[in-house]
Amino acid sequence: MKIRKVQVYLVESGRLRPVIVRIETDEGISGIGEAAIAYGLGSTAAAGMIKDLATRILIGKDPHAIEAIWSEMYDHSFWAKGGGAIVFAGISAIEQALWDIKGKALNVPVYQLLGGKVRDELRVYANGWSTQAVTADDFARAAERPLKDGYTALKCYPLAFPDAAGTVRHPTRRALNKDETRLAYDRVKALRDFVGPDIDIMLDLSGALTTDETIRLCQRYEDLGIDFIEEPADPFDLGALKKISAKVNIPIALGERLYTRYGFRKVLQTHAVDTVQPDIGNTGGIMETKKIAAMAEAFNMRVAPHNCASPVCTAATQHVAANIANFSILEIYPYWSRYEGHLEFTDRVPENEIKNGYLKVSDRPGLGIDLIEEKIDTYLWAEIKA
């Protein structure tokens, strides 16, 4: 079996721009993957990265040689060593598609190729439900929807405000005035009062504040039963992370902006983090996420995969989450579909299959998800052939 064609799609879907790759073999089996740059900026760059990797490395290769191809992409892109989101999003998308091909060729779900399932269903938490909330009362009222939908864990952004486009903007001044500090606490307090003690709450600070102000704010949250504080500091500032973890009695999580096992190594060694959050669509792919999880397990840490892209990335992530022993919870954006221009371009939407806060792991071969040709063909951005 050889790779004969690679197609790159730059999709427009509501407020997302998913970057999808489809790799086709000479035996008619194809696989798909996603570069998790759908949110924020960089999707066109990630699409270009996939195109370059496909042109220079993929065509003519045996798609079953996943480790060998990954190593070649890592070693011979030149920029991958020390590279960031764009490089590794491209590598991740290709790697997912190769696992999809292997699973389909062997007629087994990808989790079987990783060693089988540890669990049949995955606990998930809802994100994106509070993007329009401003006041403390807004936060409480916004939580009503995910609670009615059966979610038992919620994540929100106590420092963020909706912008004119309706998405969230984080602080850029590295500091809050007294009114903003009071509101950042009151939002979470109102949320806790509304949902009660049995709903898990996670807070994402996006590394927005100085270390001292972060410590003061997080210490106020300590009595509210917070499951974890995400990105209380820049993930590359190990000193700040260590200082915050030593003074705040709430677990710390991060990892969406760390790439490969090499990027996670120093963070793990600090013991300043309790939960790591690799994103399968930008940290290097399925096997790289499994390796990061194994390293985290050796440091007695949990894994809560970051997931902020299309259903393709969700489908891929579930296979690693089902397989690893130290998985805790998976991020889900259940309400992307409410935005104007949203496009459902896959034959499955895992987000629509969640019941009572859990997602059942798919038993379909490969990643368990396929593209709807007539929906996605118009978004073809590049095609590379043998």
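What counts as what
- Residues numbered from 1 in each chain as written.
- Predicted model: local features only at pLDDT ≥ 70, side-chain atom pairs only at ≥ 80, totals over all residues.
- Heavy atoms only, no water.
- Helix = DSSP H or I, 4+ residues; strand = E, 2+ residues; numbered from the N terminus.
- Buried < 20%, exposed > 50% of the residue type's maximum accessible area, 1.4 Å probe, protein only.
- Salt bridge = Lys/Arg side-chain N within 4 Å of Asp/Glu carboxyl O.
- Axes fitted to C-alpha atoms, helices over the stretch in contact; angles between N-to-C directions.
- Parallel < 35°, antiparallel > 145°, perpendicular 65-115°, else oblique.
- Left-handed = near helix turned anticlockwise from the far one by under 90°.
- Contact = heavy atoms within 4.5 Å.
- Core = buried A, V, L, I, M, F, W, Y, C linked by side-chain atoms within 4.5 Å.
- Pairing = 2+ DSSP bridges.
- Right-handed = clockwise from strand over helix to strand, strands pointing away.
- Polar contact = N/O pair within 3.5 Å; in protein donor to acceptor, adjacent residues only side chain to side chain.

Caption draft 1: Region of interest: unusual backbone geometry. One non-glycine residue, N107, lies in the positive phi region at around 60°. Structurally, N107 can be placed in the loop between α3 (85-106) and α4 (110-113). Exposure remark for N107: the relative accessible area of 56% places this residue in the exposed category. The phi dihedral of H271 is positive, around 60°, even though this residue is not glycine. Tracing the chain through its elements places H271 in the loop between α10 (260-270) and β11 (275-276).

Caption draft 2: Region of the structure containing the pattern of salt bridges. Enumeration according to the criterion identifies 26 salt bridges in this entry. Measuring nitrogen to oxygen at the nearest pair gives 2.7 Å for the salt bridge that ties R22 to E373. Separated by 351 residues along the polypeptide, R22 in strand β2 (residues 19-25) and E373 in helix α13 (residues 373-376) bring together distant segments of the chain. Residue classification places R22 among the buried residues on the basis of a relative accessible area of 9%. You can call E373 partly exposed: its relative accessible area is 37%. Here R364 ties to D347 by a salt bridge, and the two come within 2.8 Å at their closest N and O atoms. Of this pair, R364 sits in the loop between β14 (358-360) and α13 while D347 sits in the loop between β13 (330-332) and β14, placing them 17 residues apart in sequence. Judged by its relative accessible area of 41%, D347 is partly exposed.

Caption draft 3: Here's a closer look at the packing of α10 against helix α11 (residues 286-298). Where α10 contacts α11, the axes come no closer than 9 Å and their chain directions differ by 20°. Considering the angle they form, α10 stands roughly parallel to α11. Between α10 and α11 lies a crossing of right-handed hand. In this structure, α10 uses T260, R261, F264, R265 and L268 to contact α11, whose residues at the interface are E288, K291, I292, M295 and A296.

Caption draft 4: Layout of the nonpolar core. Within the largest apolar cluster, 130 residues are counted, with the highest numbers of intra-cluster contacts made by I23, W129, L154, Y221 and I226. Of the residues forming this core, the biggest block, ten residues, is contributed by α3. When residues no more than four places from it in sequence are discounted, the contact partners of L154 are Y125, A126, W129, A143, P146, L147, L191, V195, I199, D200, I201 and M202. The next biggest cluster of nonpolar side chains, apart from the first, holds seven residues, and it includes A153, A253, A304 and I329.

Caption draft 5: Local environment of the pairing of strand β9 (residues 226-230). In terms of residue burial, β9 counts as a mostly covered element, since four of its five residues are buried. Taken together, the four bridges between strand β8 (residues 200-204) and β9 define a ladder with parallel strand orientation. Within the sheet, the bridge partner assigned to L203 lies in β9 and is I229. For the handedness criterion, the β-α-β arrangement of β8, helix α8 (residues 211-221) and β9 is classed as right-handed. As judged from the two bridges shared by β9 and strand β10 (residues 252-254), these two strands associate in the parallel manner. Bridge pairing in β10 places E230 opposite A253. At this point the chain moves from β9, through helix α9 (residues 238-247), to the parallel β10, and the crossover so formed is right-handed.

Caption draft 6: Molecular detail of the environment of K117. Tracing the backbone shows K117 in the loop between α4 and β4 (121-126). It is 31 Å that separates the C-alpha atoms of K117 and A54, two residues lying 63 residues apart in sequence. With near-sequence residues (within four places) excluded, K117 lies in contact with Y111, A322, V361 and D363. Of the polar contacts made by the side chain of K117, one reaches the side chain of D120; its length is 2.9 Å.

Caption draft 7: Just the pairing of strand β3 (residues 30-35), in detail. Burial within β3 is extensive, with five of its six residues counted as buried. The antiparallel hairpin formed by β2 and β3 contains four residues in its connecting segment, where G28 sits at a positive phi of about 85°.

Worth remembering: the numbers are spatial, not functional.
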